[in-house]
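Summary of the model geometry
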Amino acid sequence: MDSAMGVITVNRRGPLDRVERSRARAFVLAAVASLVAGCATIQGPDYKQPDVPDKPQWSQLEGRELSTSEVIQPDWWHGFGDPYLIKLIQRAIDEGMDMRLAALRLDKAGIQLGKDRFSATPKVTALSPTDAIARGKRDNERSKTSRETESLGASLTWELDIWGKIRKDLQAADARYRATEMDWRATQLSLIASVAERYFQIRQFDEQIAQQVASKAQAEQLLGIYYAQHKEGMVPETRIRSQKAEISSLQNRLVEMQRGRSESELKLATLLGVPSGELQVPVGNLRDSVRLLEVPEVLPADVLSRRPDVLKAEYGVLQAHHLVGKARLARLPTFSLTGAAKTGTSFVSTVINTWTFGLAASWSGLFDRDLAMDVKLSEAEVKISREEYRKTVLEAFEEVEIALLNLNARQEQIKLLEAQVVDLQVVRNVQDARLREGLVSQLEVFETERTLLGAQQEILSTYQQLLTDTVTLYKALGGGWEAEHPGERRKVADSKTSK
């Protein structure tokens, strides 16, 4: 139940009675002193970062010492050495719809934060002349005075943040805004990764298409040889039909590759904010255009302070922590400074000649069941947010470990595939010469050609996966974002709020 605890009135026309002022002040100070001692205990303990499993080193980097030094440049994708890729990524950042939406959401969050901060300032409400006259007459009638020319021109309300309720609310609002900023960071990082991956796919298709076209041309040359041998009665017609079937198979695969390239190009256009069909990526070979980006031998140990999703999760914990403090402090009295401004000179003057201030308090009580349940709900939310944070951390460790595992495996696979291609090329050259002499069967030639083409295209696929895994690793490490510590930002926010 709300109850007024005290009112102090200050009139500019004359001083308050000293005894009356002293009584009011003593009453308020006594109420404040009785609760301020236990305020820190009521709002709960200081914020502490949630405990997470220790990660002393990465399993794929055994024997390498971890360092907190910054080894990832903000524009790390420049390391691929492809000017066209750099141009595409910059265009996606500047014009992509994902970034536009993320920026608008961040702007909205900033406006909300400004609104939350503004709510902590005094509120002055100006009354219209009609309302002012009406209220002035009512006040005069209640006070039984004859000053009918005096009316209320404005009112002021300012909640005093004695216990830190408003400060807790603002700290929670700041944490909420920072979580939205982490969403913006995560969007940019994901967009860069998506653009790079689509571009790698297009370049992979370009080189595979070139290989497929060359293999098809070679098969067509072989078909010409069979036609000539068939005229001389050296090979049966079935060999010609078998070769034509092989060419049809190569052509079918070529059409599928061309379709895949076009689809990747259409999807890339959307990432750039360009209508599908209006983006034309020039043809180029993957291995000639994009070089492998060397993975640092020493990876940063402060991954958790770089990844936007991990930081967002911790800001969620921080927000929930402050909301618990707010819910606990809500059970304490609320003190408000109220003011009323009166004007004179026959209702037409806008010059304020009287300000009356009052100090009022309301108290819902420490035993309010709804407020007690609000505290329990807030504490439950903290537990949930802490577990979500731990889950996000474990997923971050998993992504880094998998990316490192894949990188090591892809590099080993490429070496094996390259050795296989060299051997198959030697076999094919020998078989081509012996085929013209009729010393090997067509089936042997077909099998060698298929295996060689498959190995060549698998090298390209593995190379593209290696590039993609590199992007995934840099993304898992938090990209080029600098390390940030929500707990440290909390101290800065506290100092700003207290001023």
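Everything below is about the structure shown above.
This write-up is about the structure you can find in this document. If you're wondering where the values come from, they're calculated on a predicted model, not measured in any experiment.

**Things to note about the pattern of salt bridges**
Overall, the coordinates contain 22 salt bridges when judged by the stated rule. When the shortest N-O distance is used, the salt bridge between Glu484 and Arg178 registers 2.2 Å. You can see Glu484 sitting in the loop between helix H11 (442-476) and helix H12 (486-498) and its partner Arg178 sitting in helix H6 (residues 165-231), a full 306 residues away along the chain. Among the salt bridges present, the one from Glu220 reaches Lys216, with a minimum N-O distance of 2.8 Å. Taken as a pair, Glu220 and Lys216 lie in helix H6 at a separation of four residues, close to a single helical turn.

**As for the nonpolar core**
In this structure, Trp76, Phe80, Val195, Phe200, Leu268 and Leu272 are the most contacted members of the largest nonpolar core, which totals 42 residues. Taken together, the elements giving at least two residues each to this core come down to helix H3 (83-95), H6, helix H7 (237-271), helix H10 (369-436) and H11. When residues in this core are grouped by element, the largest group, nine residues, is from H6. Not counting residues up to four positions away in its chain, the partners in contact with Val195 are Leu88, Ile89, Ala92, Leu268, Leu271 and Leu272. Counting 15 residues, the second-largest nonpolar core is a separate cluster that includes Met182, Leu311, Val317 and Ala396.

**Looking at H3**
Between the first and last C-alpha of H3 there are 18 Å, a value that for 13 residues agrees with the 18 Å anticipated at 1.5 Å per step. In this structure, the buried side of H3 is in contact with helix H4 (97-118), H6 and H7. By the N-cap criterion, in which a side-chain oxygen at the helix start approaches the backbone nitrogen of a residue two or three places on, H3 is capped by Asp82, the distance to Tyr84 being 2.9 Å.

**Notes on the packing of aromatic side chains**
Under the counting rule described, the total for this entry stands at six aromatic pairs. Consider the rings of Trp76 and Tyr474, whose centres lie 5.1 Å apart with planes at 25°: the pair is stacked. In this pair, Trp76 sits in the loop between helix H2 (39-43) and H3 while Tyr474 sits in helix H11, placing the two residues 398 residues apart along the sequence. Of the two residues, Trp76 and Tyr474, both sit in the buried class. Among the aromatic side chains, those forming a connected cluster through ring pairs are Phe80, Tyr84, Tyr199 and Phe200.

**Details of the environment of Tyr199**
Secondary-structure assignment places Tyr199 in helix H6. Overall, Tyr199 belongs to the buried group, its relative accessible area being 1%. Once the C-alpha coordinates of Tyr199 and Tyr84 are considered, the two residues, 115 residues apart in sequence, prove to be 9.4 Å apart. Beyond its immediate stretch of four places on either side in the chain, Tyr199 contacts Asp82, Tyr84, Leu85, Leu88, Val281, Ser289 and Val290.

Reading the values: rules and limits
- Residues numbered from 1 in each chain as written.
- Predicted model: local features only at pLDDT ≥ 70, side-chain atom pairs only at ≥ 80, totals over all residues.
- Heavy atoms only, no water.
- Salt bridge = Lys/Arg side-chain N within 4 Å of Asp/Glu carboxyl O.
- Helix = DSSP H or I, 4+ residues; strand = E, 2+ residues; numbered from the N terminus.
- Core = buried A, V, L, I, M, F, W, Y, C linked by side-chain atoms within 4.5 Å.
- Buried < 20%, exposed > 50% of the residue type's maximum accessible area, 1.4 Å probe, protein only.
- Contact = heavy atoms within 4.5 Å.
- Expected span 1.5 Å × (residues − 1).
- Polar contact = N/O pair within 3.5 Å; in protein donor to acceptor, adjacent residues only side chain to side chain.
- Phe/Tyr/Trp six-rings, centres within 6.5 Å; stacked < 30°, edge-to-face > 60°.

Everything listed is a geometric property; what it means functionally is a separate question.
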